[in-house]
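Now for the letters of each chain:
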Amino acid sequence: MTNPPLNLGISEVQARQQWPNLRPESFNETSPVDDSYNCAAHVVDDSDNWWWPDQRRYHYWPSTAPRSETLAAFEAAYATQTYARCDTSDLEDGFEKIAIYAIDGVPTHVARQLVGGRWTSKLGDLKDIDHATLDDLAGPLYGHPVLFMRRPRAQENTQQATGTR
Amino acid sequence: MTTRTLPRRATGTRTQYRSVISGNASDIHGVFSGPAVSPDSSVVTFRRADPLREQFRTLADWWHDATDALSSLDAKAEHPAYRRIIVLGPSVLRYILEDLRDRGGHWFAALEETTGIQPQMPAGATPNVRSERHAWLAWGREQGLLD
C-alpha cells in the first residue's frame, strides 16, 4: 500500500527522507509556496523578510544579535521580540512559545505554538503548515527542537481558536 | 536549440533515436523533444535539447529538492549542485535567471559570484528577497538574457 503524498513542493522521496515522522493527517497546509520569507520570520509574523544570520549578509537579522548560526544568536534575536527562554514546549495559558530546532548546536528551523497547542512552521522556501507536534518535523533535515522561548500572548491572538499567523 | 534532420525511418523510442543518430554522438546527452513531422516532408526533424541547459536543469532540480526546505543561505549556497552550477560560469546565467523567474529560490549568491556585480535595487526598495529578485530579473532583461 502506498503512502498518501505529502505535497510539500519537493519530491515525495525527498520529503519523506527529510521529515520521516510527518504524516498527511498530522498537518495542514496554510499557505502556498513563497520564498520571500522563512520559518524564522514566520514565527514573528513577518512575511516580507527572510530572517537568518547568514555570513553573506543577504538576509535580515536583528542588528543587536550576533550574526552567527548559533543558538545564542537565535536566543538574542528573539529576545528583541520579547521572547525569553523557557524550559519546555508544553502549552501554557497566556504564553506564546517558539521552538528552535538544531543539529549539533546549529539552528535549522523555528516553529511557533498556536493557541490550541498545535504548531505553525514555514518550511524554508516552501509552504506554511500547521502540525500536531514538534516531533512531526524532527529528522535529518532539522534535527530536533532544543531551545524553547516564550512571551505573553497578545490579546487578539488568544481570541483566535486556530489562527496560524 | 539545434535541430537535426533525419530520414523518416528514424522513428521509434527515444533509445532508438539515439541509436540512429551517427556522427558527433558524444555531445548527445540531453533528451529529445521531437520528433516533429512536417506534413509534406519526407523527413523527420529532431529537436535536440541543449546539453548545457539539461545539465543545468539536472543540477537545479537536485539543489531545489535538497535545499528548498532549508533557511540557511550558507547551506543552500554550499550545496554541491549549487557550486557546480557556479563552476559552469556565465554560460548558464540565462538558465539561472529563468529558474529564478519561474521557480524562485536563492540564486543571488550564484548570480553575484558568476557576474561579479550586484544589481541596482529600485529606488526606495527595502532590501529583501522580493526586491533582490526584482533587481536581478530587471538586470537580466537589460542584458538580453531574459524575455
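See the structure above.
Because the structure is predicted, anything quoted here is derived from the model rather than measured.

A. Spotlight on the packing of aromatic side chains. Under the counting rule described, the total for this entry stands at 14 aromatic pairs over all chains. Considering the side-chain rings of F56 of chain B and Y95 of chain B, the 6.0 Å spacing of their centres and the 40° angle between planes classify their relative orientation as tilted. Of the two residues, F56 of chain B sits in helix α2 (residues 51-67) while Y95 of chain B sits in helix α5 (residues 93-103), which places them 39 residues apart along the sequence. A single burial state applies to F56 of chain B and to Y95 of chain B, both of which are buried. Centroid distance W136 of chain B to W139 of chain B: 5.4 Å. Interplanar angle 80°. Geometry classified as edge-to-face. Remark: W139 of chain B and W136 of chain B occur in helix α7 (residues 129-142); sequence separation between them is 3 residues, near one turn of the helix. For the pair W136 of chain B and W139 of chain B, a shared accessibility class is recorded, and that class is buried. Through a chain of ring-to-ring contacts, the aromatic side chains of W51, W52, Y60, W61, F74, Y78 and Y83 of chain A assemble into a single cluster.

B. Highlighting the layout of surface pockets. What the largest pocket holds in volume is close to 240 Å³. The wall of the largest pocket is formed by 15 residues, among which R57 and Y58 of chain A together with P127, N128 and E132 of chain B lie closest to the centre. Within the residue set of the lining of the largest pocket, elements represented by two or more residues are α6 (108-115) and α7 of chain B. Residues that form the lining of the largest pocket fall into these classes: 8 nonpolar, 4 polar and 3 charged.

C. Region of the structure containing the interface of chain B and chain A. With 27 residues of chain B at the contact, the number on the chain A side is 28 residues. Taken over both partners, the interface formed by chain B and chain A buries close to 2,100 Å², and the fraction arising from carbon and sulfur atoms is 44%. Between chain B and chain A we count 4 salt bridges in total. Ionic pairing is found between D74 of chain B and R56 of chain A, a salt bridge with its closest N-O pair at 2.9 Å.

D. Geometry of the nonpolar core. Within the largest apolar cluster, 49 residues are counted, with the highest numbers of intra-cluster contacts made by Y78 of chain A together with W107 of chain B. Looking at this core, the element that brings in the most residues is α5 of chain B, giving 5 residues. In this structure, L6, A99, Y101 and I129 of chain A belong to the second largest nonpolar core, which totals 22 residues.

E. Representation of the side chain of D68 of chain B. Position of D68 of chain B among the secondary structure elements: in the loop between α2 and α3 (73-77). As a buried residue without a salt bridge, D68 of chain B has its nearest oppositely charged side chain in K76 of chain B, at a separation of 4.5 Å. The contact partners of D68 of chain B, leaving out residues within four places of it in the chain, are I10, L123, G124, D125 and L126 of chain A together with W63 and K76 of chain B.

Conventions we followed
- Residues numbered from 1 in each chain as written.
- Chains lettered and ligands numbered in written order.
- Predicted model: local features only at pLDDT ≥ 70, side-chain atom pairs only at ≥ 80, totals over all residues.
- Heavy atoms only, no water.
- Phe/Tyr/Trp six-rings, centres within 6.5 Å; stacked < 30°, edge-to-face > 60°.
- Helix = DSSP H or I, 4+ residues; strand = E, 2+ residues; numbered from the N terminus.
- Buried < 20%, exposed > 50% of the residue type's maximum accessible area, 1.4 Å probe, protein only.
- 1 Å grid on protein atoms, 1.4 Å probe; cavity = no way out; pocket = protein on both sides within 12 Å on 5 of 7 lines; lining within 4 Å.
- Points joined across faces, edges and corners; volume = space filled by probe spheres on them.
- Nonpolar A, V, L, I, M, F, W, Y, C, P; charged D, E, K, R; others polar.
- Contact = heavy atoms within 4.5 Å.
- Buried area = accessible area lost by both parts, 1.4 Å probe.
- Salt bridge = Lys/Arg side-chain N within 4 Å of Asp/Glu carboxyl O.
- Core = buried A, V, L, I, M, F, W, Y, C linked by side-chain atoms within 4.5 Å.
- Lys, Arg positive; Asp, Glu negative; His and termini not counted.

The analysis is restricted to geometry; functional conclusions fall outside its scope.
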